[in-house]
Each structure stands twice: as C-alpha cells, then as structure tokens.
Amino acid sequence: MGFRLLRLHGYQVSADVLKGYLKEDDGGLSSLSIDSHEGVCVLLDLFMCSQFAFPWEYEIMEKAATLSETQLHISLLKDGPHLRINNLKTEVS
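Heads up: these notes are all about the structure in this document. (Residues numbered from 1 in each chain as written. Predicted model: local features only at pLDDT ≥ 70, side-chain atom pairs only at ≥ 80, totals over all residues. Heavy atoms only, no water.)

### Some remarks on the overall build of the protein chain
Threshold: Labels follow the DSSP assignment, with helices taken as runs of H or I lasting at least four residues and strands as runs of E lasting at least two, numbered in each case from the N terminus. Only C-alpha atoms enter the radius of gyration, while the globule expectation follows 2.2 Å times N to the 0.38, with N the number of residues. For every residue, the accessible area (1.4 Å probe, protein chains only) is compared with the maximum for its type, and the residue is labelled buried under 20%, exposed over 50%, or partly exposed between those bounds. The contact definition used throughout considers only heavy atoms, calling two residues in contact when any of these lie within 4.5 Å. To measure how exposed things are, a 1.4 Å probe is used in the Shrake-Rupley method; for residues, cover is taken only from the protein chains shown. Two residue types count as positive, namely Lys and Arg, and two as negative, namely Asp and Glu; His and chain ends fall outside the count. Charge positions are represented by NZ for Lys, CZ for Arg, CG for Asp and CD for Glu.
Secondary structure summary: the protein chain contains four helices and zero strands in total. Written out in order from the N terminus, the α and β elements of the protein chain read α-α-α-α. Taking 2.2 N^0.38 as the reference for a compact globule, 93 residues should give roughly 12 Å; the C-alpha atoms of the protein chain span a radius of gyration of 13 Å, in line with that estimate. By principal-axis analysis of the C-alpha atoms, the protein chain measures approximately 40 × 30 × 15 Å. Among the 93 residues that make up the protein chain, the fraction classed as buried is 34%. Considering only residue pairs separated by 6 or more positions, the protein chain has 56% of its internal contacts joining residues 24 or more positions apart. Just so you have it, the protein chain exposes about 5,900 Å², and 56% of that area is on carbon and sulfur atoms. Here the protein chain holds 8 positive side-chain charges and 13 negative ones, and the gap between their average locations is 2 Å.

Everything listed here is a matter of geometry and, on its own, says nothing about what the molecule does.
Right, here's the structure in full:
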C-alpha cells in the first residue's frame, strides 16, 4: 500500500520492491494464502499498485497484475468467510 500511495502523490518509487512478490519460489505469491483475509488484502494491494506503472516498468507491472488478478479470481470462486470481513468481497469484485 505504501508503494501505491507514494506513486499516487507523484514519487518515482522503484518497482523493484514488487519483485519479491513475483518470485516463483517460496517467497512469492505462492506464499500468500487466498484463504486468509490478510493474503487477499496483500494481493488486492499488489493488483492496485500494478495499475500505476511508468512506461519503462511495463513488464514487471503486467506480471504483477496478471498473477494477482488470477489469484483474486480464485479467491472469489472459493468464496471463503474471510471475504465477508470489511466487505472485502465487494472490493475484490
């Protein structure tokens, strides 16, 4: 969320901070549980911040958008009780 807020206010924060979430191994999106409120919130933040890309960051931001969007769709299909906390299901939809 910090990344997104800084970008909204015009700061040129490096997209390299997102690379940790985009790894294919244990430290990436696979480590986020779509069965928890916190995991879905992180995925939602990742998707939202991927929408604030500079032209030279297209590849990393597109990957962030695609991977997080896929996981969010799966989360909606599972429709777990954690999505009802703070109207999270509506926000993800």
